[in-house]
Each structure stands twice: as structure tokens, then as C-alpha cells.
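# Breakdown of the fold
Take a look at the letters that make up each chain.
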Amino acid sequence: EDPMQDAAVVFLGGRSFATDGKTQGFLNGMKDRLVVMLNSEDAAGNFAVENQGKELLWGGWGSIDALGKFCETFKEETYYYRVAYVNGWKTVIFRSYPHPWEVLLEGLDGRLVTLFEAEQKPSLEQVGEAASTYEEANGITNAEKSKMMMSRPS
């Protein structure tokens, strides 16, 4: 046992990392040690853990079984942070287990507003619906929204 390997963080591990035989050997060697997988959805060969490897059906390469097994290992998604632009709004999907999933939106004033919380990971469609509801509830016009979008730093 090597105490220097008490934990590992995999950042932007994509499909090729997840399906490589060496990766499974590494994970097996970690035994009960903490391994954190971060931002696989933003990797060059991206995938979402909840899809269980089915991205390979869309991408047309690799081993669905190997990616599915990898996804099973990390299915809990105990910590999650993702920034996405939905309907022109900067949104954040966040989770820190055991707390529920949180969806936040950056309002016209630049402050984060909680749109909703959920027990299950929200889809981008649900985030889009909540953003539309937010716009309607706050009487946000297309002109205000366009001005906000144009003022973002590039």
C-alpha cells in the first residue's frame, strides 16, 4: 500500500480514458481509496455518467461495455458543478451530496438566483423551462435579455 495514493482526482477524463484497460487497472488498484471524476461532460471525448456509455452509440467508436462499467463506478455524482448557457441565460447546475441538486441563474443584475432544487439530476430541458418561467414571472423583456447577452465579456 502506498500512502501517497490515498486519493486521486481525474479532471476532464474523456471516453478514451474511461475505456482504456489501464484505467480499470488503476481503479482496481485504488481499492477503497477516494477517486473523484470531474467534468467528463466537458472533456474532448465527452460523456455523461447517467447515459451509461450510450454516447458510444452516437459517436460510433469504442466499447460501450467498458464505458458503461466506468460510468457505473462513478454513478453517484456526489459533487457536480456545471455552467451552461440556456435560453441565453448563464445557469449553474450544482450538487453536493447529500443535498439536492440546485439550479441557479445569473439574473440581469449579475446575482445568482435559485430557480429550483431537485432530488434527481435536472435535464437541460427542465432548466430551459425554469428559465422561461423566471423570465415571465419577472416581466423580463426580450430587449432587456438581449442587452444582458450583448454585455457579456467574450
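In short, a report on the structure. (Residues numbered from 1 in each chain as written. Predicted model: local features only at pLDDT ≥ 70, side-chain atom pairs only at ≥ 80, totals over all residues. Heavy atoms only, no water.)

## Here's the deal with the overall build of the chain
The criterion, for reference: Numbering of helices and strands starts at the N terminus; helices are DSSP runs of H or I of at least 4 residues and strands are runs of E of at least 2. Only protein chains enter the calculation, and the probe is 1.4 Å; a residue is then buried if its accessible area is under 20% of its type maximum, exposed if over 50%, and partly exposed in between. A contact between two residues is defined here by any heavy atoms of the two lying within 4.5 Å. Working definition of accessibility: Shrake-Rupley area with a 1.4 Å probe, residue cover restricted to the visible protein chains. Positive charges come from Lys and Arg, negative ones from Asp and Glu, while His and the chain ends are left out of the count. In this description, the location of a charge corresponds to atom NZ of lysine, CZ of arginine, CG of aspartate or CD of glutamate.
Scanning the chain from terminus to terminus reveals six helices and six strands. In sequence order, the chain lays out its α and β elements as β-α-α-β-α-α-β-β-β-β-α-α. Each principal axis of the C-alpha distribution contributes one length, and for the chain these read about 60 × 35 × 30 Å. Looking at the chain as a whole, 34% of its 154 residues qualify as buried. Relative to all contacts within the chain whose residues are 6 or more apart in sequence, the contacts with residues 24 or more apart total 48%. About 9800 Å² of surface is accessible on the chain, with carbon and sulfur atoms providing 52% of the total. If you average the places of the 15 positive and of the 23 negative side-chain charges in the chain, the two averages end up 4 Å apart.

## Side note on unusual backbone geometry
Excluding glycine, residues mostly have negative phi values, and the peptide bonds linking residues are mostly trans. Cis geometry is adopted by the peptide bond preceding Pro98, which originates at Tyr97 and carries an omega value of 15°. Note that Pro98 resides in the loop between strand 4 (89-96) and strand 5 (101-106). If you check the backbone angles, Lys31 has positive phi at about 50° while not being a glycine. Accessibility expressed as a relative area gives 58% for Lys31, which makes it exposed. Even without being a glycine, Asn87 presents a positive backbone phi close to 55°.

## What to know about the pattern of salt bridges
The criterion, for reference: Salt bridges are counted wherever a side-chain nitrogen of Lys or Arg sits within 4 Å of a carboxyl oxygen of Asp or Glu.
Tallied over the entire structure, the rule returns eight salt bridges. The partner of Asp42 in a salt bridge is Arg82, with the nearest N and O atoms 2.9 Å apart. Of this pair, Asp42 sits in the loop between strand 2 (34-38) and helix 3 (55-59) while Arg82 sits in strand 3 (residues 79-86), and the two are 40 residues apart along the sequence. For Asp42, a relative accessible area of 40% corresponds to the partly exposed category. Residues Glu50 and Lys121 are paired through a salt bridge, measuring 2.9 Å at the closest nitrogen-oxygen approach.

## Some thoughts on the pairing of strand 6 (residues 112-118)
This is how the line gets drawn: By definition, two strands form a pair when at least two bridges between them are found by DSSP.
Where strand 5 meets strand 6, six bridges bridge the pair, whose relative direction is antiparallel. The residue of strand 6 that forms the bridge with Leu105 is Val113. In this structure, the hairpin formed by strand 5 and strand 6 is closed by a connection of five residues, where Gly110 is found at a positive phi of approximately 85°.

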